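Overview (structure and organization)
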Amino acid sequence: MRYRRLGTSGLRVSEIALGAMTFGDAAALADARQIYEVYRAAGGNFVDTANVYTGGASEQIVGELVAGHRDAMVIATKYTCSEAVGDVNAGGNHRKNMMVAVEASLRRLKTDYIDMYWLHVWDQLTPVDEVMRAFDDLVRQGKVLYVGMSDAPAWWCAQASTLAELRGWARLAAVQFEYSLLERSVEHELVPMATTLGLGMVAWAPLAGGVLSGKYHAGQGTGGRYERGPDRAARAGDRVDRIVRALGEVAGELGRPAAQVALAWLRHRAPSVIPICGARRAAQLADSLASLELALTAEQRATLDDASALAPGFPQSMYDRARIIKLVYAGMRDQLDA
């Protein structure tokens, strides 16, 4: 296991994060402990959970697992979501929910501080200055060390980052979003934003809910139909078939499972991305960690890039047009060292 700075912060995290979403559900305490021990033995130090995962049981289990070596681990959890019904303030990005949620997470995790506190999902209502000022309060109180945004639009994250820097508040350390060979739309806005602002990038669903392991693929000539699986995996179409075939081709060349190839592709994106790998059994996690040993050739990466490529959206789609290039650069683009 190697380690990376989380964005431009000084925090050092392992190159794969352990996802604890299944802890307390598919992975009870005994199973979760085995999964965690495999991760720790490999050198992992970055555990990702949330206040709503398995009704709070995930945080409780994580708290038990890190007991005795808490300070050696980087614990990330999230606020925003709530399973409560009938309380209009039970969920959302606002200060009230943040303050209530962080105290509950600290109790469940049995810790005095949270290393990385994520806004879980943009609520489209709360002003960005309210969020960033409240984050700053938690950092100044020592309850939270670093903050980040998950599942929020690039323009809003950029506004939050700029505002915090201008006001001298706690700055964003990272953003989290869905990213995989199947889901590359984040490359249009979120990835360039994070790169420009020096934010770390953490990817959930790196195997697209199992699609990239090949286990839902029904074979050739199916028009992209998949056997029943998780909602996120129930995606069909020629592009999906093309990606799964390319994965199979590269996996065959390497003699490794398709899932390992998909993780290796994501880990070697530039700039660097930290995938979150969850598991229901220790053997599943060990298989994912084996991707750390996998090196893809330039040709193999190109095969996967080409199979998964998305057409650029506006305004990126206009920047390579010959007329635009001529108008913007006075016909001298090829002579300009940018």
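All of the points below concern the structure found in this document. Computed from a prediction, not measured in an experiment: that's the story for all the values here. (Residues numbered from 1 in each chain as written. Predicted model: local features only at pLDDT ≥ 70, side-chain atom pairs only at ≥ 80, totals over all residues. Heavy atoms only, no water.)

**Details of the overall build of the chain**
A tally of regular secondary structure across the chain gives 11 helices and 10 strands. Against the globule reference of 20 Å for 338 residues, the chain gives a C-alpha radius of gyration of 21 Å, in line with a compact fold. For the chain, buried positions account for 50% of its 338 residues. Considering only residue pairs separated by 6 or more positions, the chain has 75% of its internal contacts joining residues 24 or more positions apart. For the chain, the accessible surface area stands at approximately 15,800 Å², while carbon and sulfur atoms represent 51% of it. With 37 positive and 38 negative side-chain charges, the chain shows a spacing of 1 Å between the two charge centroids. (Helix = DSSP H or I, 4+ residues; strand = E, 2+ residues; numbered from the N terminus. Rg over C-alpha atoms; globule rule 2.2 N^0.38 Å. Buried < 20%, exposed > 50% of the residue type's maximum accessible area, 1.4 Å probe, protein only. Contact = heavy atoms within 4.5 Å. Areas by Shrake-Rupley, 256 points an atom, 1.4 Å probe, with all protein chains shown as cover. Lys, Arg positive; Asp, Glu negative; His and termini not counted. Charge placed at Lys NZ, Arg CZ, Asp CG, Glu CD.)

**Considering the sheet that holds strand 10 (residues 274–278)**
Read around the barrel, 8 strands follow the order 3-4-5-6-7-8-9-10 and close on themselves; strand pairing throughout is parallel. Adjacent strand axes in the sheet meet at a mean angle of 30° when their direction is disregarded. Looking at chain direction, strand 8 (residues 172–178) and strand 9 (residues 200–204) are connected through 5 bridges and run parallel. Each bridged residue has a counterpart across the sheet, and for E178 the counterpart in strand 9 is W204. Strands strand 5 (74–79), strand 6 (114–119), strand 7 (144–150) and strand 8 of the sheet are contacted by helix 4 (residues 128–141), whose axis makes an angle of about 155° with strand 7. (Pairing = 2+ DSSP bridges. Axes fitted to C-alpha atoms, helices over the stretch in contact; angles between N-to-C directions.)

**Overview of the environment of A26**
As for its position among the elements, A26 is in the loop between strand 3 (17–19) and helix 1 (29–41). As for A26 and A279, which are separated by 253 residues in sequence, their C-alpha atoms are 8.8 Å apart. In contact with A26, other than residues within four places in its own chain, are D31 and R280.

**Focus: the pairing of strand 6**
Along any regular strand, the residues point their side chains to alternate faces of the sheet. Here strand 6 lies mainly inside the structure; 6 of its 6 residues are buried. Of the strand pairs in this sheet, strand 5 and strand 6 are connected by 4 bridges, and their pairing is parallel. Across the sheet, T77 pairs through a bridge with Y117, a residue of strand 6. Read as a crossover between parallel neighbours, the route from strand 5 over helix 3 (residues 95–109) to strand 6 is right-handed. Here 5 bridges tie strand 6 to strand 7, and the two strands are oriented parallel to one another. In the strand pairing of strand 7, M116 is matched with Y146. Where the polypeptide runs from strand 6 across helix 4 and back to strand 7, its parallel neighbour, the crossover connection is right-handed. (Right-handed = clockwise from strand over helix to strand, strands pointing away.)

**Side note on the pairing of strand 9**
Burial analysis of strand 9 places 4 of its 5 residues in the buried class, the great majority of the element. Here 2 bridges tie strand 9 to strand 10, and the two strands are oriented parallel to one another. Within strand 10, the residue paired with A203 across the bridge is P275.

**A short note on helix 10 (residues 298–308)**
Listed as buried for helix 10 are Q300, L304, A307 and S308. All buried residues of helix 10 lie within an arc of 90° about the axis, which places them on one face of the element. When the buried face of helix 10 is taken as reference, the exposed residues oriented beyond 90 degrees from it are E299 and D306. At its buried positions, helix 10 is contacted by helix 7 (238–254) and helix 8 (258–267). (Arc of directions from axis to C-beta.)

**Looking at the packing of helix 2 (residues 57–66) against helix 3**
Where helix 2 contacts helix 3, the two axes come as close as 7 Å, and the packing angle between them is 45°. The orientation of helix 2 relative to helix 3 falls into the category oblique. Between helix 2 and helix 3, the residues in contact are E59, Q60, V62 and G63 and S105, R108 and L109, respectively. Here the contact of helix 2 with helix 3 is composed, by residue class, of 2 nonpolar, 3 polar and 2 charged. (Parallel < 35°, antiparallel > 145°, perpendicular 65-115°, else oblique. Nonpolar A, V, L, I, M, F, W, Y, C, P; charged D, E, K, R; others polar.)

**Details of the pattern of salt bridges**
Overall, the coordinates contain 14 salt bridges when judged by the stated rule. With its nearest N and O atoms 2.6 Å apart, the salt bridge here joins E59 to R108. On the criterion of sequence distance, the pair formed by E59 in helix 2 and R108 in helix 3 is long-range, its members being 49 residues apart. Its relative accessible area of 0% is what places E59 among the buried residues. The residue R256 makes a salt bridge to E293 at a minimum N-O spacing of 3.9 Å. Placement of R256 in the loop between helix 7 and helix 8 and of E293 in the loop between helix 9 (282–289) and helix 10 is noted, with a sequence separation of 37 residues between them. In this structure R256 comes out as partly exposed when scored by relative accessible area, which is 23%. Among the ionic contacts, a cluster of salt bridges with common partners joins R95, R133, D136, D137 and R140. (Salt bridge = Lys/Arg side-chain N within 4 Å of Asp/Glu carboxyl O.)

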